[in-house]
Amino acid sequence: MKVLQLAILLVFTVCFITVTPASAAEKTIDQYYMDDVSYEHGAYEQLERFLYANIIDGYEEPTVYEEDGEVYEFTSILLKPENSITRAQFTKILVNAMNLTSGDIKKEFSDVKSSAWYYDFVQIASSKGIITGKEDGTFKPNDKITRAQMAAMIYRAFNETVDFSKTGKIFNDVNPNSYSYEAIVKTAGAGIVNGYGETFKPNDFAKRSHAVLMIDRALHLESGEAEDEASIIATVNRYIDEEFEFSSDTENEEDMDALYRETTTGYYLAYSLDSQLLLEDADFSTGSSSSQKIGEYSSKLISLNKRFAAVKIDDLKVHIKMNDPEINFNLEMTLDLSGTAYLKKTEDGLWKIYNLVYDEEDYDNMLTAAAAMEEQ
């Protein structure tokens, strides 16, 4: 959410106007809602992270409902976490998660046509030695992937960036002569895969949530690079400082747009662009608004691995004044916008914010203030 204009956005969302969708070419905030995954789901956090960071996409399904005589149409985003996952789908998620690009092509598969949506992902994974295909020269992209196949692909993909030296658990249903034996033992030792007691069930089909959980665990075992810390902090500070600067002038819309595209990605880019449109639609012609930063904030890196990072923002305080005598609307309050920024390293090597979560107590205070304004 936009740091400086949060209060204005929040109040006008609650009280007056509806978000105007971004242009069709942009991915909107609605496409980042998980309509079929509850907070209680065991993989909720990982599924949200992958969706917000553009590693996975949901299934778009049209939904129509009627309320108070009005018909509403919107698109539901379904992740279908308990569904099985195909070999092509898993390959795409793995390639996206690791920001892989193609190297020397090692193998062409007779059943992977250049017109297929998964062609580039399969070629990239093949060039990295992550997939080898079947003995008959096929890849079987639409076959459901098994737990053994998934473990083997993860082991090959992360073999150079994750420590697999720890001895893993031996499962009584994994044959030592199997192609996947080493991969299962090593990934189990690293805590990437789990079994069912003494068994692993290598031939069972994996679920979509299983795929996300296993890849996410591997991603968070990769060591971060200390030289990335400065660029991560710089991205967060630039986002905050320049938004303060640009939001004070309505003629800075192009600069604001560029700021969002250069410092944010995925969910947070969509949210920022949608919020910008909402604020452009807000009518302040009969009133006034102002915001002023109070004191100095701090940004501290709290977690870092090869592709993901988190930064804690403290003491980010802003004083808001809004006034519109025509509608008898007045608002003045000081907000603490401290929170945590979550960043992803993109394929071009840049760190960008994919989510920003405000501290719960401060966000609750903002909601309370907005609700109070609605009653005026």
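Residues numbered from 1 in each chain as written. Predicted model: local features only at pLDDT ≥ 70, side-chain atom pairs only at ≥ 80, totals over all residues. Heavy atoms only, no water.

A.B. asks: Would you mind going over helix α6 (residues 181-189) in detail, with residue names and values included?
C.D. replies: Residues of α6 that are buried: A183, I184, V185, T187, A188 and G189. As for α6, its buried residues are in contact with α5 (147-158). At the C-terminal side of α6, G191 shows a positive phi close to 85 degrees. (Buried < 20%, exposed > 50% of the residue type's maximum accessible area, 1.4 Å probe, protein only. Helix = DSSP H or I, 4+ residues; strand = E, 2+ residues; numbered from the N terminus. Contact = heavy atoms within 4.5 Å.)

A.B. asks: Report on the sheet that holds strand β6 (residues 317-324), specifying residues and quantitative values.
C.D. replies: Strand order in the open sheet formed by 3 strands is β3-β6-β7, with antiparallel pairing between adjacent strands. Edge positions in the sheet fall to β3 (288-294) and β7 (329-336), since each of these pairs with one other strand and no more. The mean inter-strand angle of the sheet, taken between neighbouring strand axes irrespective of direction, is 10 degrees. Across 8 bridges, β6 lies against β7 in antiparallel orientation. Across the sheet, K317 pairs through a bridge with D336, a residue of β7. (Pairing = 2+ DSSP bridges. Axes fitted to C-alpha atoms, helices over the stretch in contact; angles between N-to-C directions.)

A.B. asks: Account for the pairing of strand β8 (residues 339-345), naming residues and giving values.
C.D. replies: Here β8 lies mainly inside the structure; 6 of its 7 residues are buried. Pairing between strand β5 (residues 308-314) and β8: 6 bridges, direction antiparallel. Residue pairing in the sheet places I313 in a bridge with G339 of β8. Here 7 bridges tie β8 to strand β9 (residues 351-358), and the two strands are oriented antiparallel to one another. Within β9, the position partnered with K344 by the bridge is K352. Between β8 and β9, which follow one another and run antiparallel, lie 5 residues, and G349 among them has a positive phi close to 85 degrees.

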